[in-house]
Amino acid sequence: MFVADDLAFKTGPFLSPDFFEREYYPRLRRFCDAAHAAGIYVAFHTDGDLELLIDGLGGAGIDILNPIEKTKCFVREIHQRQPQLVLSGGIDISQLLPYGAPSQIRDEVHRIIDDAEGRILVGSSSVLLDTVPLENFLAMRDALNME
């Protein structure tokens, strides 16, 4: 089940961490429990600076967190704090993909896979725009072919 809810600005949560603890996470936990009882995984989408929310989201029972915006929430830190989560995203769309060299993109793909110990669905941190050169997209895609 793919669930999307905007929880944060680029500078932090929309609401106080206390609100999330008191109101949001218990409701999300009930939703996740019901999905899991039916054999369904929960993929949760929210962007922005999630640093103060990572543990609550993981504790509520989500299975996949999307997207991972490199500028604020680093893959290694999230994986260390919530190792049961599968992460999704992680490749910066604001600077690296549109302006980086293909070699930098390949290196970043390999780094985040290592940082997440393989528990990541590698992709851009947001929607791919026409500002991303085809060669950079292909570098990201081809870096996943780790024969």
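Scroll up to find the structure this text is about.
Residues numbered from 1 in each chain as written. Predicted model: local features only at pLDDT ≥ 70, side-chain atom pairs only at ≥ 80, totals over all residues. Heavy atoms only, no water.

(A) Layout of the nonpolar core. Phe44, Leu57, Ile62, Leu65 and Leu87 are the most contacted members of the largest nonpolar core, which has 38 residues in total. In terms of residue count, the dominant contributor to this core is helix H1 (residues 17–37) (6 residues). Apart from the residues within four sequence positions on either side, leucine 65 is in contact with Phe44, Leu50, Ile54, Leu57, Leu85, Val86, Leu87 and Ser88. (Core = buried A, V, L, I, M, F, W, Y, C linked by side-chain atoms within 4.5 Å. Buried < 20%, exposed > 50% of the residue type's maximum accessible area, 1.4 Å probe, protein only. Helix = DSSP H or I, 4+ residues; strand = E, 2+ residues; numbered from the N terminus. Contact = heavy atoms within 4.5 Å.)

(B) Molecular detail of the packing of helix H5 (residues 102–115) against helix H6 (residues 134–143). Two numbers describe how H5 lies on H6: the axes approach to 8 Å, and their chain directions differ by 30°. You can see that H5 and H6 cross each other, and the crossing is right-handed. Contacts between H5 and H6 involve Pro102, Ile105, Arg106, Val109 and His110 from the first element and Glu135, Asn136, Ala139, Met140 and Ala143 from the second. Among the residues forming the contact of H5 with H6, the class breakdown is 6 nonpolar, 2 polar and 2 charged. (Axes fitted to C-alpha atoms, helices over the stretch in contact; angles between N-to-C directions. Left-handed = near helix turned anticlockwise from the far one by under 90°. Nonpolar A, V, L, I, M, F, W, Y, C, P; charged D, E, K, R; others polar.)

(C) Spatial organisation of the sheet that holds strand E4 (residues 43–45). As summarised here, the arrangement of the 5 strands in space is E1-E4-E5-E6-E7, forming an open sheet in which the pairing is parallel. Only two strands of the sheet have a single partner each, and these edge strands are strand E1 (2–4) and strand E7 (120–124). The sheet shows a mean angle of 20° between the axes of neighbouring strands, taken without regard to direction. Note: strand E6 (residues 86–91) against E7, 5 bridges, orientation parallel. Bridging across to E7, glycine 90 finds its partner in glycine 123. Where H5 meets the sheet, its contacts fall on E6 and E7, and the angle it forms with E6 comes to roughly 155°. (Pairing = 2+ DSSP bridges.)

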